[in-house]
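Chains, contacts and geometry: an overview
Each chain, letter by letter, is given below.
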Amino acid sequence: MSRGRIVLWLSLTLRSARSICRARFMEGQPQRPPDPAAMENGTEHRGEEFPPEAQETTVTEGAAKIVFPSANEVFYNPVQEFNRDLTCAVITEFARIQLGAKGIQIKVPGEKDLQKVVVDLSEQEEDKAEVKEGAPGDQPGTAAVGDICEEGLRVLEGLAASGLRSIRFAREVPGLRSVVANDASARAVDLMRRNVQLNDVAHLVQPSQADARMLMYQHQKASERFDVIDLDPYGSPAPFLDAAVQAVSEGGLLCVTCTDMAVLAGNSGETCYSKYGAMALKSRACHEMALRIVLHSLDLRANCYQRFVVPLLSISADFYVRVFVRVFTGQAKVKASASKQALVFQCVGCGAFHLQRLGKASGAAGGRVKFSAACGPPVAPECEHCEQRHQLGGPMWAEPLHDLDFVGQVLEAVSANPGRFHTAERIRGVLSVITEELPDVPLYYTLDQLSSTIHCSTPSLLQLRSALLHAGFRVSLSHACKNAVKTDAPSSALWDIMRCWEKQCPVKRERLSETSPAFRILSVEPRLQANFTIRDDANPSSRQRGLKRFQANPEANWGPRPRARPGGKAAGEEAMEERRRLLQNKRKEPPEDPAQRAARLKTFPCKRFKEGTCQRGDQCCYSHSSQTPKATAEATPTDCPEAPSQNPLGPGATSGPGID
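Residues numbered from 1 in each chain as written. Predicted model: local features only at pLDDT ≥ 70, side-chain atom pairs only at ≥ 80, totals over all residues. Heavy atoms only, no water.

Enumeration over the complete set of coordinates arrives at 1 cavity of 30 Å³ or more. For the largest cavity, the calculated volume is near 50 Å³. If you trace the largest cavity, you find it lined by Glu 288, Arg 292, Pro 400, Leu 401, His 402, Glu 437, Leu 438, Pro 439, Val 441 and Lys 486. Across the lining of the largest cavity, the residue classes break down as 5 nonpolar, 1 polar and 4 charged. (1 Å grid on protein atoms, 1.4 Å probe; cavity = no way out; pocket = protein on both sides within 12 Å on 5 of 7 lines; lining within 4 Å. Points joined across faces, edges and corners; volume = space filled by probe spheres on them. Nonpolar A, V, L, I, M, F, W, Y, C, P; charged D, E, K, R; others polar.)

Turning next to unusual backbone geometry. In most cases, non-glycine residues show a negative phi, while peptide bonds are predominantly trans. Of note, the bond from Gly 376 into Pro 377 is cis; its omega dihedral lies within 30 degrees of zero at 5°. Following the sequence through the fold, Pro 377 ends up in the loop between β15 (369-373) and β16 (390-397). A cis amide bond, omega 0°, links Gly 394 with the succeeding residue Pro 395. Notably, Gln 306 is not glycine yet its phi reads approximately 60°, a positive angle. Relative to the helices and strands, Gln 306 is located in the loop between α13 (286-303) and β10 (307-317). The exposure class assigned to Gln 306 is partly exposed, which follows from its relative accessible area of 36%. (Helix = DSSP H or I, 4+ residues; strand = E, 2+ residues; numbered from the N terminus. Buried < 20%, exposed > 50% of the residue type's maximum accessible area, 1.4 Å probe, protein only.)

Moving on, we get to the pattern of salt bridges. Note that side chains of opposite charge can pair when their charged atoms are close. Applying the stated criterion across every chain yields a total of 24 salt bridges. For Glu 525, the salt bridge identified is with Lys 503, shortest N-O distance 3.3 Å. Of the two residues, Glu 525 is situated in the loop between α20 (517-522) and α21 (541-544) and Lys 503 in helix α19 (residues 491-504); the sequence distance between them amounts to 22 residues. The class of Glu 525 is exposed, set by a relative accessible area of 54%. Given a relative accessible area of 47%, Lys 503 falls into the partly exposed group. (Salt bridge = Lys/Arg side-chain N within 4 Å of Asp/Glu carboxyl O.)

Counting residues in each nonpolar core, the largest one holds 87 residues, and the members touching the most others are Met 216, Ile 229, Leu 254, Leu 264, Ile 293 and Leu 298. Broken down by element, the residue count for this core peaks at 8 residues, all from α13. In this structure, Ile 91, Ala 160, Ala 317 and Ile 434 belong to the second largest nonpolar core, which totals 53 residues. (Core = buried A, V, L, I, M, F, W, Y, C linked by side-chain atoms within 4.5 Å.)

The topology assignment puts Asp 299 in helix α13. No salt bridge is formed by the buried Asp 299; the nearest opposite charge belongs to Lys 340, separated by 5.7 Å. Non-local contacts of Asp 299, meaning those with residues more than four positions away in its chain, are made with Arg 307, Phe 308, Val 309, Ser 337, Gln 341 and Trp 397. (Lys, Arg positive; Asp, Glu negative; His and termini not counted. Contact = heavy atoms within 4.5 Å.)

A word on the sheet that holds strand β9 (residues 248-258). Taken in spatial order, the 7 strands of this open sheet run β7-β6-β5-β8-β9-β11-β10, and their pairing is mixed. Since the sheet does not close on itself, it has two edges, and those belong to β7 (205-209) and β10, each with one partner. For this sheet, the mean inter-axis angle between neighbouring strands, taken without regard to orientation, is 15°. Here β10 runs beside strand β11 (residues 320-329); their pairing, made up of 10 bridges, is antiparallel. In the strand pairing of β11, Ser 316 is matched with Val 321. Along the sheet, helix α7 (residues 164-172) contacts β5 (153-157), β6 (176-183), β7, β8 (226-231) and β11; its crossing angle with β6, the most-contacted strand, is approximately 170°. This element, helix α8 (residues 186-199), spans β6 and β7 of the sheet and lies at about 165° to β7. (Pairing = 2+ DSSP bridges. Axes fitted to C-alpha atoms, helices over the stretch in contact; angles between N-to-C directions.)

Here we take up the pairing of strand β1 (residues 56-61). Note that β1 and strand β2 (residues 64-69) share 6 bridges and pair antiparallel. Along β2, the bridge assignment pairs Glu 56 with Pro 69. Hairpin connection between β1 and β2: a loop of 2 residues separates the two successive antiparallel strands, and Gly 62 in this loop has a positive phi of roughly 65°.

Looking now at the packing of aromatic side chains. Taken as a whole and judged by the stated rule, the model has 4 aromatic pairs. Relative to Phe 328, the ring of Phe 308 has its centre 5.9 Å away and its plane inclined at 25°; by these criteria the two rings are stacked. Taken together, the residues span a long stretch of sequence, with Phe 308 in strand β10 and Phe 328 in strand β11 at a distance of 20 residues. We classify Phe 308 as buried; its relative accessible area is 8%. By relative accessible area, Phe 328 is classed as partly exposed at 23%. Measuring from centroid to centroid gives 5.4 Å for Phe 319 and Tyr 320, while their planes differ by 75°, and the two rings are edge-to-face. Note on accessibility: Phe 319 and Tyr 320 belong to one class, buried. (Phe/Tyr/Trp six-rings, centres within 6.5 Å; stacked < 30°, edge-to-face > 60°.)

Over its 14 residues, α8 runs 20 Å from end to end, which matches the ideal 20 Å to within 8%, given 1.5 Å per residue. Here α8 has its buried residues at Ala 188, Val 189, Asp 190, Leu 191, Met 192, Asn 195, Val 196 and Asn 199. The backbone nitrogen of Arg 187 lies 3.3 Å from a side-chain oxygen of the residue at the head of α8, namely Ser 185. (Expected span 1.5 Å × (residues − 1). Polar contact = N/O pair within 3.5 Å; in protein donor to acceptor, adjacent residues only side chain to side chain.)

On to the sheet that holds strand β12 (residues 341-347), then. If you walk across this open sheet you meet the 3 strands as β13-β12-β16, and the pairing is antiparallel. This sheet does not close on itself; its edge strands, each paired only once, are β13 (353-357) and β16. For this sheet, the mean inter-axis angle between neighbouring strands, taken without regard to orientation, is 25°. Where β12 meets β16, 6 bridges bridge the pair, whose relative direction is antiparallel. Within β16, the residue paired with Ala 342 across the bridge is Met 396.

Read these as layout, nothing more, since geometry by itself doesn't imply function.
What follows is the structure, given as structure tokens:
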């Protein structure tokens with residue numbers, strides 16, 4: 001037999017033996033049916049399988065029930081339940097407006113009893129009959145939750161992760177035509193398919209694996225645009241905004257979340273400019289300024305395509321900001337966008353700020369509007385109050401942040417159906433504060449900012465609000481800050497009120513530096529005599545009713561979650577706890593070991609021994625040797641510790657005068 005035939009026969013024999021051994025081994029292993037979704041995406045696991053309960057966690061939120069990997073392969077943050085609840089409420093009311101124009105009524109779970117009460121209290125019998133006739137859900141003019149509405153909204157969630165938000169839309173928001181849940185991760189899309197099947201919403205939710213930007217660029221045609229686009233990325237949404245303003249339909253709703261608050265709040269102004277086209281300033285009003293910078297960025301990108309934005313609701317909550325805007329097309333309205341933006345001049349000493357509009361809109365003959373460049377600046381090189389310089393920030397959105405009519409509609413719907421959302425109480429509180437805000441006053445001051453500038457005690461919120469109201473100015477709170485003072489009073493009037501307050505609670509002037517803002521502000525006599533008598537209208541309605549306006553941290557280690565990673569190895573709970581333990585007090589020097597400290601001190605010569613006056617002998621912590629290592633002049637001690645002879649210190653002692 002030739003050498004080639006022998007090699008072929010041996011290889012076939014060994015291959016058969018391996019097959020027989022593998023078959024016998026697999027006979028004793030439990031078999032599991034293949035996962036069709038995993039096979040379809042090519043992500044089916046092979047080899048050893050761990051128990052499903054050890055890999056996945058089941059979460060129930062709203063009407064949705066999802067599973068997601070415990071190893072953080074797919075991103076999920078339970079703290080943002082308020083964000084998702086609010087989004088469902090906003091899209092529901094947006095659908096009510098859009099479908100109402102087409103003669104279609106939406107049917108929200110929990111509102112049936114409310115409609116009956118309205119019908120019973122009606123005085124016109126004809127209206128009763130019309131409402132009763134249109135009550136059944138099988139009427140063609142009614143859109144219910146979970147049903148496909150042919151004339152309904154087309155929704156896109158560009159970064160869906162586990163698909164929780166899209167599934168909640170399908171199970172809680174009526175009047176939808178379709179929901180596209182997109183993510184670039186194959187693992188996330190596989191998980192979405194499982195969750196869609198688990199919640200029986202496959203007829204509405206369509207999982208998609210694609211780059212969110214490319215998907216939106218492919219839907220630029222008017223007939224293919226989405227009515228609602230929701231962007232909730234990890235960090236900044238800046239890379240997706242250009243595609244989003246083109247892919248949303250005429251008058252459509254664009255929902256954007258930004259969690260990079262360190263950038264938007266002024267910690268890195270140059271990074272904020274590179275992402276949003278504006279310089280953020282460090283100030284007490286940084287959270288509202290973050291909202292206005294995001295709106296400026298959205299409007300700027302929309303202007304490139306002859307489109308503009310109209311804010312419906314802008315929220316600063318927890319560790320993120322969330323804006324809901326409608327996008328329209330119109331060349332004439334786009335020309336007015338420059339007059340809606342403003343620069344901010346903020347004093348580095350007292351914090352007083354002034355706004356400078358970028359453009360100017362004025363009336364012309366024939367009812368036309370003429371646009372031109374604005375004139376400025378509104379401030380001198382030095383602050384008029386403390387003679388400090390100004391910082392320049394912006395541009396930012398200077399128009400109202402909210403559509404108060406729409407906010408009132410959402411607030412009314414949530415208040416009438418409190419059992420619909422788990423965070424309904426907080427939604428009511430936040431929206432109530434928003435309805436009380438002054439819409440035409442950008443930014444705000446804070447109580448602690450005003451009092452700390454002049455180093456005086458802080459007046460109560462009611463006292464300061466009453467003083468402003470007595471002076472004839474308007475004042476309100478802000479949902480973005482608990483102790484905010486949003487007022488149309490000029491900074492000069494505000495500092496006059498604080499000067500009057502300081503006369504009631506005097507500051508020790510001798511302790512103030514002559515160049516400090518406090519000294520320069522208090523050296524001027526007030527021209528306005530403040531009245532701090534409490535007024536009834538100084539206490540806002542939301543505060544009187546005790547609504548949950550500013551929620552405390554909901555859980556331990558609260559904040560943004562770590563980014564999802566393939567395999568999720570670095571983000572498990574145990575790994576995170578170990579990382580927190582290692583990084584705790586990382587900027588503090590660890591305590592020095594006593595033996596190491598004694599050895600270190602022995603490297604320095606004893607000055608008293610050189611002078612012949614050291615009486616401690618071998619008990620001295622410094623060296624008595626004539627040959628000692630060289631030490632720097634700064635580190636050489638000037639004295640030797642002494643101790644009573646009846647209680648000498650032992651070797652390695654670390655206490656006594658002169659050691660520290």
